[in-house]
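Survey of secondary and tertiary structure
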Amino acid sequence: MGQERTYKRRPIGVFDSGVGGLTVVRALRAVVPGEDIIYLGDTARVPYGSKSPRTVERYSLACLQFLLDREVKLVLVACNTVSATALPALAAASAVPVIGAVDPGAQRALAATHNRHIGVIGTLATVRSGAYVQAIAAHDAGARVTAAACPLLVPLAEEGWTDDEIAWLVARRYLGPLFAADPQIDTLVLGCTHYPLLRDVLGRVAHELAAHDVAVVDSATAMAEAAHHVLGSGPNRRGEPGRLDCFATDTSRLDELAPRFLGESPTGFALVDL
Ligand code: DGL
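The written sequence of each chain sets the order in which its residues are numbered from 1. This being a predicted model, a pLDDT of at least 70 is required before a residue's local features are given, and a value of 80 or more before pairs of side-chain atoms are given or counted; all residues contribute to the totals for chains, interfaces and linings. By convention in this description, side-chain values take in all heavy atoms of the structure and omit both hydrogens and water.

Across the sheet, which stays open at both edges, the four strands sit in the order 6-5-7-8 with parallel pairing between neighbours. Single-partner strands in this sheet number two, and they are strand 6 (144-149) and strand 8 (215-218). The sheet shows a mean angle of 25° between the axes of neighbouring strands, direction not considered. When DSSP locates at least two bridges between a pair of strands, those strands are taken to pair. Starting at the N terminus, helices and strands are each numbered in turn, a helix being any DSSP run of H or I of at least four residues and a strand any DSSP run of E of at least two. Relative to strand 8, strand 7 (residues 187-191) runs parallel, the two sharing four bridges. The angle between two axes is taken between their N-to-C directions and runs from 0 to 180 degrees, where each axis is a line fitted to C-alpha atoms and a helix contributes only its stretch in contact.

Here it is, written out as structure tokens:
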């Protein structure tokens, strides 16, 4: 009983290459509001999406260890790039469950599609890994998946250029070839922490290119629901909202960027070295 109570009170750990993973924290706070959360953004080394799998794995193992040292009971890998390239290594290194972004996103896409034609967009590393293609095929071998890397969308989201002519031009430039490769795509997976900020423009451009409805899905809510499921009867159900403690490896621009992804201002980031 004593041990059980201790487990319940332990925080959930969430990490990302930067601030984008706060979209997952936002979803998590909506689904399990009583839980304490420790968030780590590896802002000194962001972006991960243009780096090799080996480097991403090395960086993310250090992020994981930081959270494990703080006795988290569960780890959410908010970063799609890490989830796509390093999840097996993280799971092997962790004594607590590790939830990635790819499988929840893949399942959400399969639940949304009517014709099993799915488009996936993400960073270069995520698309190169083929992780979404594999995850979708593992659930439905007959689904057709077409993927495209959209590296410029991360800086666009960080600049806050999410609904101007530049966002439209860039979205058309990336989604044009995707829908040319498979005009029947009816579901688009936002396989990157940053893309939910561009959901509106991406959805409208997809609709314009496809000339039919396109469902736009991301993994943030699905990950939060997976966390709820893993916690089972164990979530911390005390009445007051849980604490959110944020850490980052560099603090430049955090005050400006973090609220965009979290939807509110975090109380502050503590600077850490991994
Ligand atoms: N967090 C990354 C992802 O979801 C995007 C930013 C980066 O490239 O590090 O893939």
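Time to look at the layout of surface pockets. Empty space among the atoms becomes apparent when a probe as large as a water molecule is rolled across them. Put plainly, a pocket is an open set of points on a 1 Å grid over the protein atoms alone with protein on both sides within 12 Å along at least five of seven lines, a cavity is a set where a 1.4 Å probe fits but cannot get out, and a lining residue has an atom within 4 Å of a point. Grid points are joined across faces, edges and corners, and a volume is the space filled by probe spheres set on the points. Considering only enclosed or pocket space, the largest pocket measures out at about 230 Å³ in volume. Lining the largest pocket are 18 residues; nearest its centre among them are P47, G49, S50, T123 and V154. Its residues assigned to classes, the lining of the largest pocket shows nine nonpolar, eight polar and one charged. Residues are grouped as follows: nonpolar covers Ala, Val, Leu, Ile, Met, Phe, Trp, Tyr, Cys and Pro; charged covers Asp, Glu, Lys and Arg; every other residue, Gly included, is treated as polar.

On to the site of the ligand. One heavy atom within 4 Å of a molecule or strand is enough for the residue carrying it to be called near that molecule or strand. Taken together, 13 residues lie near the ligand, and D16, S17, Y48, G49 and T81 sit nearest. Within the side chain of S17, an N or O atom sits 2.6 Å from an oxygen atom of the ligand. In protein, a polar contact means a hydrogen-donor-capable atom and an acceptor-capable atom, both N or O and within 3.5 Å, with residues adjacent in sequence counting only if both atoms are side-chain atoms; elsewhere, any N or O pair within 3.5 Å suffices. Residue T193 places a side-chain N or O atom 2.9 Å away from a nitrogen atom belonging to the ligand. Within the complex, 99% of the 290 Å² of free accessible area of the ligand lies under protein. To qualify as sitting in a cavity or pocket, a molecule needs more than half of its atoms within 2 Å of the grid points. Structurally, the ligand is housed in the largest pocket. Of the residues contributing to the shell around the ligand, the split by class is five nonpolar, seven polar and one charged. All accessible areas in this document rest on Shrake-Rupley with a 1.4 Å probe, and a residue is counted as covered only by the protein chains that are shown.

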